[in-house]
Amino acid sequence: APWFGRYGHSLDAIDVDGDGVLDVMILTGGYSPVQSNDVWLSRDGTNWYFDGFATFPPRAYHATAVFQRKLWILGGTPLTNDIWAGTPTMDSTKKSRI
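Residues numbered from 1 in each chain as written. Predicted model: local features only at pLDDT ≥ 70, side-chain atom pairs only at ≥ 80, totals over all residues. Heavy atoms only, no water.

Undergrad: An account of the pairing of strand β5 (residues 63-67) is requested, with residue identities and associated values reported.
TA: Relative to strand β6 (residues 70-76), β5 runs antiparallel, the two sharing five bridges. Residue pairing in the sheet places A63 in a bridge with L74 of β6. Following β5, the chain reverses through two residues before pairing antiparallel with β6; Q68 in that reversal takes a positive phi of roughly 50°. (Pairing = 2+ DSSP bridges. Helix = DSSP H or I, 4+ residues; strand = E, 2+ residues; numbered from the N terminus.)

Undergrad: Requested: an account of the packing of aromatic side chains, with residues and values cited.
TA: This model, assessed by the stated rule, comprises six aromatic pairs. Taking the centre distance of 5.2 Å and the plane angle of 75° together, the rings of F50 and F53 count as edge-to-face. For F53, a relative accessible area of 59% puts it in the exposed group. Both rings, one in F56 and one in W84, keep their centres 6.2 Å apart while their planes meet at 55°; by these two values the pair is tilted. Separated by 28 residues along the polypeptide, F56 in the loop between β4 (49-53) and β5 and W84 in strand β7 (residues 80-86) bring together distant segments of the chain. Ring pairing ties together the aromatic residues Y7, Y31 and Y61, which thus form one cluster. (Phe/Tyr/Trp six-rings, centres within 6.5 Å; stacked < 30°, edge-to-face > 60°. Buried < 20%, exposed > 50% of the residue type's maximum accessible area, 1.4 Å probe, protein only.)

Undergrad: With reference to specific residues and values, describe the nonpolar core.
TA: Residues I14, V16, V24, I26, V39, L41, A54, F56, L71 and I73 constitute the largest nonpolar core, which totals 10 residues. Residue contacts for A54: discarding those within four places in its chain leaves N37 and V39. (Core = buried A, V, L, I, M, F, W, Y, C linked by side-chain atoms within 4.5 Å. Contact = heavy atoms within 4.5 Å.)

Undergrad: Which residues make up the pairing of strand β1 (residues 10-14), and what are the values?
TA: Along a regular strand, successive side chains alternate from one face of the sheet to the other. By the alternation rule, side chains of β1 split into S10, D12 and I14, which are all buried, and L11 and A13, of which none is buried. Direction of pairing for β1 relative to strand β2 (residues 24-28): antiparallel, over a ladder of five bridges. Across the sheet, residue S10 finds its bridge partner in β2, namely T28.

The structure is reproduced here in structure tokens:
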């Protein structure tokens, strides 16, 4: 993988276009070695693309869920007590963005 080793991150798969097929995997946050808010995308689990830094503060050990075609990010360390949601969209270069 193109990122540093990490732990405390999240990895989710989401159906971006609503066709019932999981289109993209999204890796967010974790320690690498400090809390991070970077976002990585992959359609196949082999080729990963850096999508940038999320608008939420760096965090690790957070919870994530996919609900109504949105990625929800909840809490985490260092003691964050917030909720963020994002909707990925398709583009022609990376095939998906959040």
